[in-house]
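# Inside the fold
Now for the letters of each chain:
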Amino acid sequence: MTAEASHQVQDGPGTVPVKAPETAPAASSPEAAQQLVGEAARRARAAQRSLAQATRERKDAALVAVSQALLTAVPQILAANALDLEHAEAAGMRPGLLDRLRLDEQRLEAAAGAVLEVAALPDPVGEVLEGSTLPNGLRVRRQRVPLGVVGMIYEARPNVTIEVASLTIKSGNAVVLRGGSAAQASNAAIVAVLRSALAGCGLPADLVTTVDQAGREGAQALMRARGLVDVLVPRGGAGLIASVVEHAQVPVIETGSGNCHVYVDASADLSQAVEVVVNSKTQRVGVCNAAETLLVHTHLAATYLPLVAQALWERGVTLHADEATRSVLAPLAARTQRDRQLTAATTADWDTEYGSLDLAVRVVDKLETAIDHIRQHTTGHTEAVLAQDLRVVNTFIAGMDSAVVMVNASTRFTDGGQLGLGAELGISTQKLHARGPMGLRDLTSTTWVVEGQGHVRP
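Note that this is a predicted model, so its numbers are computed, not measured. Within every chain, residues take consecutive numbers counted from 1 along the sequence as written. Owing to the predicted nature of the model, reporting of local features is limited to residues with pLDDT of at least 70; listing and counting of side-chain atom pairs is limited to 80 or more, with chain, interface and lining totals taken over all residues. Excluded from the side-chain calculations are hydrogens and water; all other atoms, namely the structure's heavy atoms, are used.

## Remarks on the pattern of salt bridges
What counts as a salt bridge is simple: a side-chain nitrogen of Lys or Arg found within 4 Å of a carboxyl oxygen of Asp or Glu. Going through the model one piece at a time under the given rule, you end up with 17 salt bridges. The salt bridge partner of Arg144 is Glu127, with a shortest N-O separation of 3.1 Å. Taken as a pair, Arg144 in strand E4 (residues 139–146) and Glu127 in the loop between helix H5 (105–120) and strand E3 (128–133) lie far apart in primary sequence, 17 residues in all. Buried, partly exposed and exposed residues are distinguished by accessible area as a fraction of the type maximum, computed with a 1.4 Å probe on protein chains only: under 20%, between the cut-offs, and over 50%, respectively. Note on Arg144: relative accessible area 15%, which makes it buried. The shortest N-O distance in the salt bridge between Arg139 and Glu451 comes to 3.9 Å. Of this pair, Arg139 sits in strand E4 while Glu451 sits in strand E18 (residues 444–451), and the two are 312 residues apart along the sequence. Arg139 gets classed as partly exposed once you look at its relative accessible area, which sits at 45%. Overall, the relative accessible area of 31% leaves Glu451 in the partly exposed class. Helix numbers and strand numbers start at the N terminus; a helix is a DSSP run of H or I with at least 4 residues, a strand a run of E with at least 2.

## Some words on the nonpolar core
Buried together is how nonpolar side chains tend to be arranged in soluble globular proteins. For this analysis, a nonpolar core means a set of buried residues of the types Ala, Val, Leu, Ile, Met, Phe, Trp, Tyr and Cys, connected via side-chain atoms within 4.5 Å. Of all hydrophobic cores here, the largest spans 74 residues; its most connected members are Leu70 and Met152. Any two residues whose heavy atoms approach within 4.5 Å at even a single point are treated as in contact. With near-sequence residues (within four places) excluded, Leu70 lies in contact with Ile77, Ala112, Val115, Ile162, Ile190, Val193 and Leu194. Core analysis: the next-biggest nonpolar cluster, separate from the first, contains 35 residues, Val317, Leu329, Val363 and Ala384 among them.

## Regarding the confidence of the model for the protein
Confidence of the predictor in every single residue is expressed as pLDDT, which spans 0 to 100. Averaged over all residues, the pLDDT of the protein is 90; the fraction at 70 or higher stands at 94%. For the stretch residues 1–25, pLDDT sits under 50, and the model shows 63 contacts to residues farther than four places along the chain or on other chains.

## Here's the deal with the packing of helix H13 (residues 367–377) against helix H14 (residues 390–399)
When two helices pack together, you describe them by how their axes are tilted relative to each other and by the distance separating the axes. For helices, the axis comes from a line fit to the C-alpha atoms of the stretch in contact; other axes are also lines fit to C-alpha atoms, and the angle between any two N-to-C directions lies between 0 and 180 degrees. Two numbers describe how H13 lies on H14: the axes approach to 10 Å, and their chain directions differ by 25°. In this view, H13 runs roughly parallel relative to H14, as classed from their interaxial angle. Taken as a pair, H13 and H14 cross one another with a handedness that is right-handed. On H14, the residues that touch Leu367, Ile371, Ile374 and Arg375 of H13 are Val392, Thr395, Phe396 and Gly399. Ten residues, namely Ala, Val, Leu, Ile, Met, Phe, Trp, Tyr, Cys and Pro, are considered nonpolar, four, namely Asp, Glu, Lys and Arg, are considered charged, and the remaining ones, Gly among them, are considered polar. The residue makeup of the contact of H13 with H14, split by class, is five nonpolar, two polar and one charged. Should an angle fall under 35 degrees it is taken as roughly parallel, and over 145 as roughly antiparallel, whereas 65 to 115 is taken as roughly perpendicular and any remaining angle as oblique. Each helix crossing is assigned a hand: it is left-handed if the near helix lies turned anticlockwise from the far helix by less than a right angle, otherwise right-handed if that turn is clockwise.

## Considering the packing of helix H1 (residues 30–52) against helix H8 (residues 215–223)
At their nearest, the axes of H1 and H8 sit 8 Å apart, and the two run at 60° to each other. As summarised for this structure, H1 and H8 are arranged oblique, according to the angle between their axes. Viewed along their axes, H1 and H8 form a crossing whose handedness is right-handed. Of the residues in H8, those touching H1 at Pro30, Ala33, Gln34 and Val37 are Glu217, Gly218, Ala221 and Leu222. Partitioning the contact of H1 with H8 into residue classes produces five nonpolar, two polar and one charged.

Right, dumping it as structure tokens:
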């Protein structure tokens, strides 16, 4: 299936053909890819100009139509996703990545619901951040405006297509998508539905377009589309993000891989600490906000480690443990025949984002050791502290340099939908413009508006 394919979408008693973007044949050279991406970006820019003037009511109506269209097209989208999954499994894709790629009816319904949540949020465009009247009578205000054309390069996560489109539409932007070959059929089906819904509301279909058919060369061309694309957001593994940051000529908002840590302090509530760690690691393993390293205060090692290890082992987790952790857990592993799920940690384990049922574990002698370990190995995504001692909590928060810090809560809450943003463009781990889950406001810039009455500068 290609981006040119048509999909029959049920609409009441009949069927309506929903066509994907009309694009040139797949690019076969860097020059062809550059031409294809340039044309797509120019169409997106023209479309964005009309959306920038749209009222909130019109944008919200479009999002409601998008949500309804997605629900109507569930069978067609799942059929496309099944093709992607078949090819990915045949290619030996890791289970965690397969989980990211997989769509089901529940996930699609949740995605359609998230679109409605975005529609219900305040429109950031036109929001006045500050204003004043100067002594000379000039009236000055700074207000939010759309970024313009957003480029998105991401890996095999077709739900991202829906999230990004809903956020860009609401914030008055257009988006050019490069979603990765592993999800090409899924993304083509979804983009076709989105474009049809927009056109049905009288908005330009080119507010959402894809350059997947340009392949890897398309991603490179998108990185070089300075002047056509206003900002580029990579979302995926460390290799993808590093490549975009290194090669892009377009301004980049860097999202980060997630080597997330949980520190269990001596003052932690043990019953909470087991449940939170299990949820952080196993609720969904192939995502960037899953925990990858567990640090446990030495005062709790003998009592807490057996409890949490047993719970994790039952869910199929392998523990990559330091010597102190193994000395506590080895007898339990032998008695319960879990020896294969307890292995010695290597230096590399502390820097690994597993994306699988694996967890690095270390015993630390004090809070400061935990902070030092995290600062040395973190990717700046999410860190969690489980503690009842307020001094420990405050010291931990002050000692972190990450986008999100959780206190007595699972790392899995680092998510735009969970934090009230409706959806997210990605989780930024940089410090300029946006940090953490990126929602509607992060898709805007600002304009200074200065009003006078024939004022001239003396």
